[in-house]
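Here are the chains, one letter per residue:
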Amino acid sequence: MSDADQTESPSDERAVYLYGIAPHDAGLEAALASQKGIEDSGPPRLLGSGDLKAIVGMVSLDAFRRIESEGDVDLAWVGTRVQEHEAVLQAALDMGPVLPARFGALYRSEGELAEALERHRPELTVEIDRLRGKKEWGVQVFCDDEALRARAEESVADGPGEGTLGAGTAYLLRKRAERSVEERMAALQETWGRECQERLASMAEDSTTGGLGATAPGQSGRMILNASYLVDDDRLDGFGEALRSLEATFEPMGFRFRLTGPWPPHSFAFVRLGSLQS
Amino acid sequence: MSISRYDGAQAVRPSNMTLADVLERILDKGLVIVGDIQVNVLDIELLTLKVRLLIASVETAQAIGIDWWTGDPTLSKSARDLHEENRSLKERVERLERSLSAGDGRERRSEEARPRRP
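Our subject in this report is the structure included herewith. (Residues numbered from 1 in each chain as written. Chains lettered and ligands numbered in written order. Predicted model: local features only at pLDDT ≥ 70, side-chain atom pairs only at ≥ 80, totals over all residues. Heavy atoms only, no water.)

Examining the sheet that holds strand β8 (residues 222-232) of chain A
Residue and element names in this part refer to chain A. In space, the four strands of this open sheet follow the order β7-β8-β6-β9, with antiparallel pairing throughout. Looking along the sheet, the strands with just one partner apiece sit at the ends: β7 (206-209) and β9 (255-263). Ignoring strand direction, the axes of neighbouring strands in this sheet form an average angle of 20°. Running at roughly 165° to β9, helix α9 (residues 236-250) makes contact with β6 (134-143), β8 and β9 of the sheet. (Pairing = 2+ DSSP bridges. Helix = DSSP H or I, 4+ residues; strand = E, 2+ residues; numbered from the N terminus. Axes fitted to C-alpha atoms, helices over the stretch in contact; angles between N-to-C directions. Contact = heavy atoms within 4.5 Å.)

What follows is the structure, given as structure tokens:
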């Protein structure tokens, strides 16, 4: 179809895979030595001069090309590679700050990547310094509608008993009460959800919220908050304290909290370097 | 200097990270170094988009519990728009390339089309 398909044999093409960027650290290399790397490519290596190192491996381009083209993609393959990518970053995170690369960053040669690193050294250094001593934590909040409904019903004033009213009036009153319970539920969820987000954010350096879905694995209830926090290691106790206090307050209202982390600062390292004309 | 892994480990009790958690974080975010001619072999934004479309279109997405981030209507809509835009750009570049006489100075495939971020 495309020229590339005709002129290149993809089967043995190899490329440099970038996991992330970290400051040079004696412990880093040792920590990476025990990693098997993406696609069993072996322990990641450190590339680059001076204090700034790219964490890289050599991979076969074949499967990545298949994803990029219109061909079949194996979700199981993608899922495994994604977790291998993360495993390397987690190992690096144990040793110090790491600027995580997006999944699938592939470069033609180590030399060219090293040059790009050199070219972007100032921005990368600033970014790593900003993230030093901080990690990302995820908090999702799920809401049990039944428990929330009970709270909302408590707070909606009871109407007159139905026995004293005509059937039509009773029906209308009941409808209105139902509607106001729904409205009250929405208002409570909104207010309490915002309170959770604000209190956690007050213990973090930065925060961001992501998409909501019906649910998540192993969870009951609707997801009403899906947030990520960049937390300074020195303030982690306070962050944990805030979370525990929110749990104590809001679990009786039907909220459930799910914490994940520590993550490399994926959600706070959204850096895009380079332009079409270099 | 082996510092205990997280000083606040007693303060927080994280859940296990699922594939969904990892996908959400590393697919759309993180450092991207692109556009320096000759540097990247694949278009990472296109790659991200393809994986995203794949996951959004596979029913197993729900089974592995990733519907909560693929289900975002604005994201999947912009992903589809981007997909279309990218396809038409690629076709255009291919036409342009064919119209140029063959051979020298041909750009790499990864440089042909460059989708915008949504």
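There is more to say, and it comes next.
Observations regarding the state of the cysteines
All names here are of chain A. Per the counting criterion, the structure on display carries zero disulfides over all chains. For the unlinked cysteine C143, the closest cysteine sulfur is that of C196, found at 10 Å. By relative accessible area, which is 1% here, C143 ends up buried. (Disulfide = S-S within 2.5 Å. Buried < 20%, exposed > 50% of the residue type's maximum accessible area, 1.4 Å probe, protein only.)

Examining the environment of L27(B)
Residue and element names in this part refer to chain B. Looking at where L27 falls in the secondary structure, it is placed in helix α1 (residues 19-28). L27 gets classed as buried once you look at its relative accessible area, which sits at 0%. Expressed as a C-alpha distance, the spacing of L27 and V51, which sit 24 residues apart in the sequence, is 8.2 Å.

Focus on the pattern of salt bridges
Residue and element names in this part refer to chain A. Throughout the structure, instances matching the rule amount to 19 salt bridges over all chains. Between R121 and E118 there is a salt bridge; the shortest N-O distance is 3.0 Å. Judged by relative accessible area, E118 falls into the partly exposed class, the value being 39%. Close ionic contact of K175 with E178 constitutes a salt bridge, the shortest N to O distance being 3.4 Å. Remark: E178 and K175 occur in helix α8 (residues 167-201); sequence separation between them is three residues, near one turn of the helix. On the basis of relative accessibility, which here comes to 37%, the residue K175 falls in the partly exposed class. (Salt bridge = Lys/Arg side-chain N within 4 Å of Asp/Glu carboxyl O.)

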